[in-house]
Structure formats: structure tokens, C-alpha cells
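# Remarks on the overall topology
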Amino acid sequence: MVVVEIRAPRYDEESGSVVWKPLAFVKADGGDIEIHGETMLLDDLMVIDIPTNKRLGKDDAPEVWARNLPYAFRAGDLVAAVIVDTDPPAISADPDGPRQALPIIPAPPKPSELSSRAIA
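Description of the structure in this document. Quick caveat, the model's predicted, so the values are computed rather than measured. (Residues numbered from 1 in each chain as written. Predicted model: local features only at pLDDT ≥ 70, side-chain atom pairs only at ≥ 80, totals over all residues. Heavy atoms only, no water.)

### Some details on the layout of surface pockets
By volume, the largest pocket is sized at about 340 Å³. Lining the largest pocket are 14 residues, and of these P51, R67, N68, Y71 and P89 sit closest to its centre. Of all elements in the fold, only helix 1 (62–67), helix 2 (69–72) and strand 6 (79–85) reach the threshold of two or more residues within the lining of the largest pocket. Among the residues making up the lining of the largest pocket, the classes are represented as ten nonpolar, one polar and three charged. (1 Å grid on protein atoms, 1.4 Å probe; cavity = no way out; pocket = protein on both sides within 12 Å on 5 of 7 lines; lining within 4 Å. Points joined across faces, edges and corners; volume = space filled by probe spheres on them. Helix = DSSP H or I, 4+ residues; strand = E, 2+ residues; numbered from the N terminus. Nonpolar A, V, L, I, M, F, W, Y, C, P; charged D, E, K, R; others polar.)

Here is the structure:
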């Protein structure tokens, strides 16, 4: 089960800070999906599944679609936050992947006596 909240930042003049206003909630459990709030934000939204690089709609794979919503809302005017995820994707021990050896940079050539006489 995955629960995602779609939020928008709003400036609160009384406190002088930004507060997050919830706009929509998505609950995906297996093949079932529920959307509450401003559903028009999510009606025909397609997301890219990061591991497979495939486009998904909410009816294709609801849980995978919901997990990828934070990547679809990344501009800042709307933000998607995963609130609950009972089966999060596995993360590898090394998130950057296998490390490659650094390239060997040769030492600069030493000027020969001939070139150093030309400078003097």
C-alpha cells in the first residue's frame, strides 16, 4: 500500500512562514486506487517509472504509479510526498553504483635544460 499527499506551499502572514496545504490524497493498494481532494490534478497524469523507464498511467500499475508521483511534481508549485509505503523498493548498498578507479594523471613534463636556457 502506498499513500501519497499532493501539497502546495502557501505563505501564512500571521506566522510569517510557509505552510503546506494538502490538495489531494492518493491511496494505492495492489490494483485498487483511491484519489480524494482535487482529483483533476491527477486525472490523465502519466509518470515515468524510474527503474524501468516506462510511462505509466494510474490504471496500469497503481502502486508503482503512486510511488513515482514525487518525480512528476518536482517544480515546487505542487509537491507530492509519500506518506506511507508498506513495500518500498529495495535500495542497493551503493546508490552511486560500482565505483570506477580514478584516471591516472601523468606528472607534467620537466623542462629540459635547452628550454630553460631559452627562458633565461
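Continuing now.
### Some thoughts on the side chain of D49
With respect to the helices and strands, the residue D49 is situated in strand 4 (residues 47–49). A polar contact is formed between the side chain of D49 and the side chain of N68, at a distance of 3.1 Å. Once residues lying within four places of it in the same chain are set aside, the contact partners of D49 are K54, L56, V64 and N68. (Polar contact = N/O pair within 3.5 Å; in protein donor to acceptor, adjacent residues only side chain to side chain. Contact = heavy atoms within 4.5 Å.)

### What about the side chain of E5?
The residue E5 is located in strand 1 (residues 2–12) in this model. Here the side chain of E5 touches R7 through a polar contact of 2.3 Å, side chain to side chain. For E5, the residues in contact, after removing those within four places along its chain, are P22, A24, F25, V79, A80, A81 and I83.

### Some remarks on the environment of G76
By the secondary structure assignment, G76 is in the loop between helix 2 and strand 6. Counting along the chain gives 69 residues from G76 to R7, while the straight-line C-alpha distance between them is 9.5 Å.

### Regarding the pattern of salt bridges
Scanning the entire structure with this criterion turns up three salt bridges. Put simply, R67 and D85 hold a salt bridge, and the shortest N to O gap is 2.9 Å. Of the two residues, R67 sits in helix 1 while D85 sits in strand 6, which places them 18 residues apart along the sequence. Using a relative accessible area of 16% as the deciding quantity, one classes R67 as buried. (Salt bridge = Lys/Arg side-chain N within 4 Å of Asp/Glu carboxyl O. Buried < 20%, exposed > 50% of the residue type's maximum accessible area, 1.4 Å probe, protein only.)

### Concerning the environment of V3
Among the secondary structure elements, V3 is positioned in strand 1. In sequence terms V3 and D29 are 26 residues apart; their C-alpha atoms lie 8.7 Å from each other. Those residues in contact with V3, other than ones at most four positions away along the chain, are V26, K27, A81, V82, I83 and V84.

### What to know about the sheet that holds strand 2 (residues 17–29)
If you trace the four strands from one edge of the open sheet to the other, you get 3-2-1-6, paired in antiparallel fashion. If you trace the sheet from one side to the other, it starts and ends with strand 3 (32–37) and strand 6, each paired once. Across the sheet, the axes of successive neighbouring strands diverge by a mean angle of 30 degrees, strand direction being ignored. Direction of pairing for strand 1 relative to strand 6: antiparallel, over a ladder of six bridges. For E5, the partnering residue across the bridge sits in strand 6 and is A81. (Pairing = 2+ DSSP bridges. Axes fitted to C-alpha atoms, helices over the stretch in contact; angles between N-to-C directions.)

Any functional reading would require information that these geometric values do not contain.
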